[in-house]
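Residue-level structural notes
Listed below are the residues making up each chain.
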Amino acid sequence: MTESDIIAAISTAPGRGGIGVVRISGPRLEKFLSGIVSRPVPPRRATLADFIDARGSAIDQGIALYFPAPRSYTGEDVLELHGHGGPVVLQLLLKRCLELGARPAQPGEFTRRAYLNDKIDLAQAESVADLIDASTAEAARSAVRSLQGAFSQRVDELIQALVGLRALVEAALDFPEEDVELIEHADGAGRLANLQAKLREVLSSSQQGSLLREGLRVVLVGRPNVGKSSLLNRLAGEELAIVTDIAGTTRDAIRQSVSIEGVPVHIIDTAGLRPPNDAVEKLGIARTWTAIEHADLVLLLLDATQGEGAADREIMRDLPAGPPRLRVMNKIDLVPRGPAVEYGSSGCTVWLSAKTGEGVDLLQRALLESVGWQRGTEGLFMARARHLHALQLAQRHLEQASREMGKLEILAEELRLCQQALGSITGEFTPDDLLGEIFERFCIGK
Ligand code: GDP
């Protein structure tokens, strides 16, 4: 266990609530306990007590929970004070903790300690933040699966297979006369191919999981009155209630998040891009343009009663060329044709009516297909861009290894680098600055 100081934080969200929790973690909290709780607190038993100040007067009355090391969230002694959820009373409790020698916890510091004390691995620690930030029910479910170790287990299986293969190669290096035969005899090439296939599977599941976390960024463009707001409302449907914005973006007139099959779809409505009135608005609009450049898809909405005109083509000309485009012919209830998806010289076109809802399911499917989403998310786990990069790097090293089967030194080195890439996912090989970056994005108290 890592020796460290005592940290304390209000772990519940700011504002008023039924209860509020102050969490304390560190080595040897017994003395601390008597300074703040009015009566002895047996381990792991909810104990009703007064929480007291330096003179012994009650700050609050609540439940104290004491988890002695190592059986606690952080692996250290942990004390939780469940009091009333008012900002002032919680601040007083926190102040009392600081008087007793604790210091305010940094964002994510409890989880960081859990990781450093081997209670969880790095991918699990990240899933704690992903669960808290989850913007759809499916994203939350997959984050829980990662927290329970589903992702780490798949990565560990890859590492185990890799270690076996490395042992074989290292053994062959020790017997230079019969090296290549040794590898052939143990079916080294077969094992490597097997490992590559397994890695492809994990990468594909991770790409799905990453979509649940990052979502799909769609830019909605079209002339006034083609039905952009109507389509947004239709896509939002009843699911809007549970969708929130991903961390770091603000909800405003030009961004809306909806959920399609549990995948968060962040829609930027360019109708909100009017000429700026002031510097703040200008900054917001500049950010929106950057978002447009990095979008996964541009949706051009057209009016089916009018077809594509010069004004529509002008809108498309103003947009950055990068993201793929999808055309939507809206208002089919006013023309004699049904909902459809068509593939033509100008790409894919979906015919629908935002008003009646006909064909909206076709658009939803086309949106998800554009980013390779596969149906059936049973057993899916949450993954981050960092994990995808590590898996892709591991994949490249395996490809290189398969080309170098005859050159044992190079083969051994590629396999070693592959293991290093995989190990960075669960935190086996992870530089300190990366840890800092990961945990500073957590909320305080977690
Ligand atoms: P926006 O300016 O592009 O956001 O367009 P709106 O969503 O405000 O729609 C403009 C007008 O078209 C409104 O009167 C809508 O009721 C109407 N509208 C939108 N979609 C449809 C549709 O699919 N069918 C019909 N008949 N009218 C529609």
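Okay, so let's go over this structure. As the structure is a computational prediction, the values presented were derived from the model and not from experiment.

1. Quick look at unusual backbone geometry
Cis peptide bonds are those with omega within 30 degrees of zero, and the linkage from Ala 69 to Pro 70 qualifies with 0°. Phi is positive for Arg 44, which is not a glycine, with a value near 55°. When you line up the elements, Arg 44 lands in the loop between helix H1 (30–36) and strand E3 (47–52).

2. What about the sheet that holds strand E1 (residues 7–10)?
Within a beta sheet, neighbouring strands are joined by backbone hydrogen bonds and run either parallel or antiparallel to one another. Reading across the sheet, the six strands line up as E3-E4-E5-E2-E1-E6 and stay open at both edges, with mixed pairing between neighbours. The strands lining the two open edges of the sheet, one partner per strand, are E3 and strand E6 (103–104). Summarising the sheet, strand E2 (residues 17–26) and strand E5 (residues 77–85) pair through nine bridges and their orientation is antiparallel. Within E5, the position partnered with Val 21 by the bridge is His 82.

3. Here's the deal with the nonpolar core
Judged by nonpolar contacts, the single largest core of 36 residues is most densely connected at Leu 326, Leu 363 and Leu 367. With six residues, the single largest contributor to this core is helix H12 (residues 360–370). Both domains that meet at this core, namely domain 2 (129–211 + 381–426) and domain 3 (218–295 + 297–369), each give it at least three residues.

4. Thoughts on the site of the ligand
Around the ligand sit 15 residues, and of these Asn 225, Lys 228, Ser 229, Ser 230 and Asp 333 come closest. One of the side-chain nitrogen or oxygen atoms of Ser 230 is found 2.6 Å away from an oxygen atom of the ligand. With respect to the ligand, the side chain of Asn 330 contributes an N or O atom lying 3.1 Å from an oxygen atom. Calculation on the ligand without its partners gives an accessible area of 570 Å², and the protein chains cover 71% of this total. Counting residues per element, the shell around the ligand draws most heavily on helix H9 (residues 228–236), at three residues. Among the residues making up the shell around the ligand, the classes are represented as four nonpolar, six polar and five charged.

5. What about helix H8 (residues 188–214)?
With 27 residues, H8 ought to run about 39 Å at 1.5 Å a step, and its terminal C-alpha atoms sit 38 Å apart, in line with that. Backbone geometry just after H8 places Gly 215 at a positive phi near 75°.

6. Considering a negative patch on the surface
On the surface, Asp 432, Asp 433, Glu 437 and Glu 440 cluster together to form a negatively charged patch. With respect to the helices, strands and loops of the structure, Glu 440 is situated in the segment after helix H15 (432–439). You can call Glu 440 exposed: its relative accessible area is 54%.

7. Some thoughts on the packing of aromatic side chains
Any two aromatic rings considered together are summarised by their centre-to-centre distance and by the angle between their planes. According to the stated counting rule, one finds three aromatic pairs in the structure shown. Judged by centre distance (4.8 Å) and plane angle (15°), the ring pair of Phe 151 and Phe 381 falls under stacked. One end of the pair, Phe 151, is in helix H6 (residues 150–174); the other, Phe 381, is in the loop between H12 and helix H13 (385–403), and 230 residues separate them in sequence. What makes Phe 151 buried here is its relative accessible area of 1%.

8. Side note on the environment of Pro 27
Checked against the element boundaries, Pro 27 lands in the loop between E2 and H1. Residue class for Pro 27 comes out buried when judged on its relative accessible area of 14%. A C-alpha to C-alpha distance of 50 Å links Pro 27 and Ile 183, two positions 156 residues apart in sequence.

About the cut-offs
- Residues numbered from 1 in each chain as written.
- Predicted model: local features only at pLDDT ≥ 70, side-chain atom pairs only at ≥ 80, totals over all residues.
- Heavy atoms only, no water.
- Helix = DSSP H or I, 4+ residues; strand = E, 2+ residues; numbered from the N terminus.
- Pairing = 2+ DSSP bridges.
- Core = buried A, V, L, I, M, F, W, Y, C linked by side-chain atoms within 4.5 Å.
- Buried < 20%, exposed > 50% of the residue type's maximum accessible area, 1.4 Å probe, protein only.
- Domains from an automatic or database assignment.
- Near = heavy atom within 4 Å.
- Polar contact = N/O pair within 3.5 Å; in protein donor to acceptor, adjacent residues only side chain to side chain.
- Areas by Shrake-Rupley, 256 points an atom, 1.4 Å probe, with all protein chains shown as cover.
- Nonpolar A, V, L, I, M, F, W, Y, C, P; charged D, E, K, R; others polar.
- Expected span 1.5 Å × (residues − 1).
- Patch = residues over 30% accessible without salt bridge, like charges linked within 9 Å, V, L, I, M, F, W, Y side chains within 5 Å.
- Salt bridge = Lys/Arg side-chain N within 4 Å of Asp/Glu carboxyl O.
- Lys, Arg positive; Asp, Glu negative; His and termini not counted.
- Charge placed at Lys NZ, Arg CZ, Asp CG, Glu CD.
- Phe/Tyr/Trp six-rings, centres within 6.5 Å; stacked < 30°, edge-to-face > 60°.

The values reported here are purely geometric and, on their own, carry no functional implication.
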